[in-house]
2 protein chains.
Amino acid sequence: MEEPVSYHDRYFTTSSCSGRIILFDGACDCQVQKRNCSWLFVTHQKCQSEDVFCVFLKQLTSLEKSVGDATLKFEPFVLHVQCKKLEDAQLLHTVAVNSGFRNSGITVGKKGKIIIAVRSTHCLEVPVSHRGTVLITDQYLDFLVGVSNQKMEENHKRIERFYECLKTALQPQEQNCILKEAADKKPIYRRRRRRTQDDSVTDCCQSVNDHNENSEEETVCDLLFL
Amino acid sequence: MEEPVSYHDRYFTTSSCSGRIILFDGACDCQVQKRNCSWLFVTHQKCQSEDVFCVFLKQLTSLEKSVGDATLKFEPFVLHVQCKKLEDAQLLHTVAVNSGFRNSGITVGKKGKIIIAVRSTHCLEVPVSHRGTVLITDQYLDFLVGVSNQKMEENHKRIERFYECLKTALQPQEQNCILKEAADKKPIYRRRRRRTQDDSVTDCCQSVNDHNENSEEETVCDLLFL
């Protein structure tokens, strides 16, 4: 992603990943945290089922190399940006959250180094083999690749939305006022309606507001917020 | 979780969830974001496969109520705490990250309201039916419940670790110095070794350091950090 012109006055990108679909192999029956895992397949674009099938079959026939616990995972866009001031981090955080990256957060180091991490709640993690035994059908793997591709597409949309919001937010103050005025008259983006939820299953969590994508309201890029 | 004694001088818990295993039903073929989904099953403890089976079967036989796109998901501990000062948020953030909650982050509102969100990278999200058709076998659902339970167990360990670290961090300064001295002599917790990774599959991400649990070093509660 090419940064907006005035970006470098206030920000410095320290790391980024546009999002990826990965198939990895690692033990998961002794500890949930996966150690010494090996990556079998990785792509930052949509992929074909055949590509994943091919690698998956190869893994199953070379068990001496792997432990046979493969997992298919979609990981969304992640970005770390060092900020000049706390206000700069606040601005980027607002842009990120309003663009759909609701797990974003600021870190302030001991020596005052300010980092904003842009993170999404997007997730897919499916175990596909265990101790060398395939757990799923070919059709299901095909379906999973389709879901991963959908998530990748949505991920790219969010990145674009984030980039557009960032450009607007980094425009000189006067231009932003004109935009705000226009937005006040006819909002371009609106808050989405609160989702309905089945009352038959209740949850005892205390007003959690960033747990997942299913139980909460989500705001889209709202220019009035900037 | 009962807060340590000196907690209330600096912090105010605004929301929390100890972690949960959920089975929900919602359309996912038109948009990745799930709207109007209904929760079929939720537990904050380990669960039995039979409990999930039972609900799953019920869902499949009452399609008029659901759209038949069920997903099994494990969601880890999440906590939101309002902090008096930015330093208080920094302290809680360090404790959270060192206890394994690496997606934690601070939010600073327009009016200066400081919130720290304690979040984990822990994830499991598996589609189990699509348009009323079951995608997986009973054995696989049984396996998934086992994995969810393992994640729940690890989640509870992290919560305990977080609580212990928080208690230590909130002790009066003098006591902390004594502890630090003792830790300097004989560290209780050490950084884990960097994981080895298969070189055959490379990734073009730019030094991302919080993407997932598989590709990066993780620090456990390290008293020297506090």
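Computed from a prediction, not measured in an experiment: that's the story for all the values here.

1. Regarding the state of the cysteines
Thought 1: Under the counting rule described, the total for this entry stands at 1 disulfide over all chains.
Thought 2: The disulfide partner of cysteine 123 of chain A is cysteine 123 of chain B, and the S-S distance across this bridge is 2.0 Å. In this structure the cystine formed by cysteine 123 of chain A and cysteine 123 of chain B twists about its S-S bond by roughly 40°; its chirality is therefore right-handed. Here cysteine 123 of chain A is found in the loop between strand 7 (114–119) and strand 8 (124–127), whereas its partner cysteine 123 of chain B is found in the loop between strand 7 (114–119) and strand 8 (124–127) on a different chain.
Thought 3: A residue is classified by how much of its surface remains accessible, and cysteine 123 of chain B, at 10% relative accessible area, is buried.

2. Points about the pattern of salt bridges
Thought 1: Counted under the stated rule, the structure contains 16 salt bridges over all chains.
Thought 2: Glutamate 154 of chain A serves as the salt-bridge partner of arginine 158 of chain A, at 3.2 Å between the closest nitrogen and oxygen. Remark: glutamate 154 of chain A and arginine 158 of chain A occur in helix 4 (residues 138–169); sequence separation between them is 4 residues, near one turn of the helix. Like glutamate 154 of chain A, arginine 158 of chain A is buried.
Thought 3: A salt bridge links lysine 73 of chain B to glutamate 125 of chain B, with the shortest nitrogen-to-oxygen separation between them at 3.2 Å. Taken together, the residues span a long stretch of sequence, with lysine 73 of chain B in strand 4 (residues 70–75) and glutamate 125 of chain B in strand 8 at a distance of 52 residues.
Thought 4: Exposure remark for glutamate 125 of chain B: the relative accessible area of 4% places this residue in the buried category.
Thought 5: Three or more residues joined by partner-sharing salt bridges are found here, namely Arg20, Lys73, Glu75 and Glu125 of chain A together with Lys151 of chain B.

3. Quick notes on a negative patch on the surface
All names here are of chain A.
Thought 1: A surface patch of like charges, here negative, comprises Glu50, Asp51, Asp138 and Asp142.
Thought 2: Mapped by element, the contributors of at least two residues to the negative patch are helix 2 (49–60) and helix 4.
Thought 3: For aspartate 142, the location among the structural elements is in helix 4.

4. Re the packing of helix 3 (residues 86–98) of chain B against helix 4 (residues 138–169) of chain B
Residues and elements named next belong to chain B.
Thought 1: Contact pair helix 3 / helix 4: the axes reach a minimum separation of 9 Å and the direction vectors enclose 145°. In the packing of helix 3 onto helix 4, the handedness of the crossing is right-handed. Note on element contacts: helix 4 touches helix 3 through Phe162, Cys165, Leu166 and Ala169, opposite Leu91, Leu92, Val95 and Ala96.
Thought 2: Partitioning the contact of helix 3 with helix 4 into residue classes produces 8 nonpolar, no polar and no charged.

5. Thoughts on the packing of aromatic side chains
Thought 1: Tallying each qualifying case throughout the model produces 9 aromatic pairs over all chains.
Thought 2: Aromatic side chains phenylalanine 101 of chain A and phenylalanine 162 of chain A sit 5.9 Å apart centroid to centroid with 80° between the ring planes, which places their arrangement in the edge-to-face category. Of this pair, phenylalanine 101 of chain A sits in the loop between helix 3 (86–98) and strand 6 (105–108) while phenylalanine 162 of chain A sits in helix 4, and the two are 61 residues apart along the sequence. Like phenylalanine 101 of chain A, the residue phenylalanine 162 of chain A is buried in the burial classification.
Thought 3: Arranged with centres 6.2 Å apart and planes meeting at 70°, the rings of tyrosine 140 of chain A and tyrosine 140 of chain B form a pair that is edge-to-face.

The rules we used
Residues numbered from 1 in each chain as written. Chains lettered and ligands numbered in written order. Predicted model: local features only at pLDDT ≥ 70, side-chain atom pairs only at ≥ 80, totals over all residues. Heavy atoms only, no water. Disulfide = S-S within 2.5 Å. Helix = DSSP H or I, 4+ residues; strand = E, 2+ residues; numbered from the N terminus. Buried < 20%, exposed > 50% of the residue type's maximum accessible area, 1.4 Å probe, protein only. Salt bridge = Lys/Arg side-chain N within 4 Å of Asp/Glu carboxyl O. Patch = residues over 30% accessible without salt bridge, like charges linked within 9 Å, V, L, I, M, F, W, Y side chains within 5 Å. Areas by Shrake-Rupley, 256 points an atom, 1.4 Å probe, with all protein chains shown as cover. Lys, Arg positive; Asp, Glu negative; His and termini not counted. Charge placed at Lys NZ, Arg CZ, Asp CG, Glu CD. Axes fitted to C-alpha atoms, helices over the stretch in contact; angles between N-to-C directions. Left-handed = near helix turned anticlockwise from the far one by under 90°. Contact = heavy atoms within 4.5 Å. Nonpolar A, V, L, I, M, F, W, Y, C, P; charged D, E, K, R; others polar. Phe/Tyr/Trp six-rings, centres within 6.5 Å; stacked < 30°, edge-to-face > 60°.

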